Amino acid sequence: MPLLARRIGRAKPSAIMAVAEKAKKLKADGRDIISFSIGVPNFLPGDHVYQAARDALAKDSGQYGSNRGTDALLDAFLQHIEALGLTGYTRANLSTGIGAKHILYNLAESLLDEGDTIAYPSPYWTTYADIADIVNAKAVPLPCPASQDYKLTPAQLDDALATHKPKVLLFNNPSNPTGMVYTRDEIAALADVLVKHPDTWIITDDIYNRMLFDGLAYTNFVQARPELRDRTVFVDSLSKTYGMPGWRVGFMAGPEPVAKALTTMNSNHITNVPEVVTAAAIAALTGPQDVPTQKNAEFQAKRDQVLAAMEAIPGVVCPRPQGAFYVFPDISCAFGKSHGGVKIENDVDFCNALLEAKGVACVPGSAFGEPRALRISYTCPTPQLAPGLQRFQEFFAELK
Ligand SMILES: Cc1ncc(COP(=O)(O)O)c(C=O)c1O
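What counts and what doesn't
- By convention here, each chain's residues receive numbers from 1 onward along its written sequence.
- For this predicted model, a pLDDT threshold of at least 70 governs which residues receive local features, and a threshold of 80 or more governs which side-chain atom pairs are given and counted, while totals over whole chains, interfaces and linings are taken from all residues.
- For the side-chain quantities, the full set of heavy atoms in the structure was used; hydrogens and water were omitted.
- Strands are runs of DSSP state E lasting at least 2 residues, helices are runs of H or I lasting at least 4, and numbering of each runs from the N terminus.
- Atoms considered for the radius of gyration are the C-alpha atoms alone. The globule rule reads 2.2 Å times the number of residues to the power 0.38.
- Buried residues are those whose accessible area, probed at 1.4 Å on protein chains only, stays under 20% of the maximum for their type, while exposed residues exceed 50% and partly exposed ones sit between those limits.
- Should any heavy atoms of two residues lie within 4.5 Å, those residues are counted as being in contact.
- Here the accessible surface of atoms and residues is derived via Shrake-Rupley with a 1.4 Å probe, and residues count as covered only by protein chains that are part of the display.
- Positive residues here are Lys and Arg, negative ones are Asp and Glu, while His and the chain termini are left out of the count.
- For this purpose, a charge sits on NZ of Lys, CZ of Arg, CG of Asp or CD of Glu.
- We count a salt bridge whenever a side-chain nitrogen from Lys or Arg sits within 4 Å of a carboxyl oxygen from Asp or Glu.

(A) Up close: the overall build of the chain. When helices and strands are counted, the chain shows 14 helices and 14 strands. At 21 Å, the chain has a C-alpha radius of gyration in line with the 21 Å of a compact globule built from 400 residues. In terms of overall dimensions, the chain has a C-alpha envelope of 60 × 60 × 55 Å along the principal axes. The 400 residues of the chain split such that 53% are buried. Taking as baseline every contact in the chain between residues at least 6 positions apart, the subset at least 24 positions apart corresponds to 75%. Of the roughly 16600 Å² that the chain leaves accessible, carbon and sulfur atoms contribute 55%. Where the 38 positive side-chain charges of the chain centre and where its 42 negative ones centre are 3 Å apart.

(B) Structural view of the pattern of salt bridges. Overall, the coordinates contain 17 salt bridges when judged by the stated rule. Salt-bridge contacts for Lys295 lead to Glu298; the nearest nitrogen and oxygen are separated by 3.1 Å. Of this pair, Lys295 and Glu298 are both found in helix H12 (residues 290-311), three residues apart, which corresponds to roughly one turn of the helix. For Lys295, a relative accessible area of 18% translates into the label buried. Among the residues examined, Glu298 registers a relative accessible area of 30% and is labelled partly exposed. A salt bridge links Lys358 to Glu394; its shortest N-O distance comes to 3.3 Å. Of this pair, Lys358 sits in helix H13 (residues 347-358) while Glu394 sits in helix H14 (residues 382-397), and the two are 36 residues apart along the sequence. According to the relative accessible area criterion, Glu394 is partly exposed, its value standing at 31%. Each of Asp214, Arg303, Asp304 and Arg320 takes part in salt bridges that share partners, so that together they form one network.

Here it is as structure tokens:
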């Protein structure tokens, strides 16, 4: 058989999906499993979204559509980002894709040549490393441990930009996997550093921008330092905010040449976001916002519940997340101990033993570049949260 392309040798299936698959299998075998593993929002969009999809179906053209996205979709996204405080963009600054993952992949293809460097704070969303591998870029994770609240500091950023001269800095706020949110002052301090390094593109993957707690407001580098606008690309998605991960709609707003590059990529890959999906996306962005608002309040309450459980476990260090729906405790105090005779040397052992013994699925932190931690995604049905956390605490109490 002829060989596959070398690029495929570098592509890996998602580590998060591997845990989810194992949990699914145990469930199919009859085990009582509580999954804290997968980052899906677990709610559905409002009725108006489905109605818009039905209406679009009734008058479907069945034709190919715009590579960039329909004018109505682009206008809906413009309205959405203006409400966020990102003003002054036009349709020419935008493009769309099949989810933010697709946008990020197309950005990597558009901004990075083979061997170029891409830097990102670590812990990071697993896909960043995977996409860098596929396009054969050099990935430079910038370690941000729990002791610095999993956040990049201005000095660290300055040093990384000076040392590695990355072609792209990939930033993520609020963060998956840590749930941490940068304050306005923190963004401003990082933006001041970015201004000093004009040869680096900045991608801000901020798809959780509507999922903020404790009254925090979302801020972007462009708001802090408007001169960063001509090299900053903002990435957004319907998936998490609107409970629409399977509808696959992502967006970007940035410099015109980047939006054009992504549109050209679309013309060669997907052609267009489908018509019915476009109608649903417009309804989600412009219609009543009560579902996302209500879900955000629920997530904040669940965050409190998870955090209280983590804080009650001696030795666990858990910076306080203020967004998204993840908690990322440092559980390295368990390393070197055993559970029911099973030795725990690292995060993977911990997650396997927890799943086997208690039926609770979490993702090992090493999947996100931080092997001292694990990720708890708390989007499970609310009645499962307390028992899942109780089992987690029991597991710790039983360590020897
Ligand atoms: C930080 C981050 N960026 C991008 C994505 C991809 O989102 P989408 O469903 O729009 O592809 C995810 C999904 O988990 C994510 O957590």
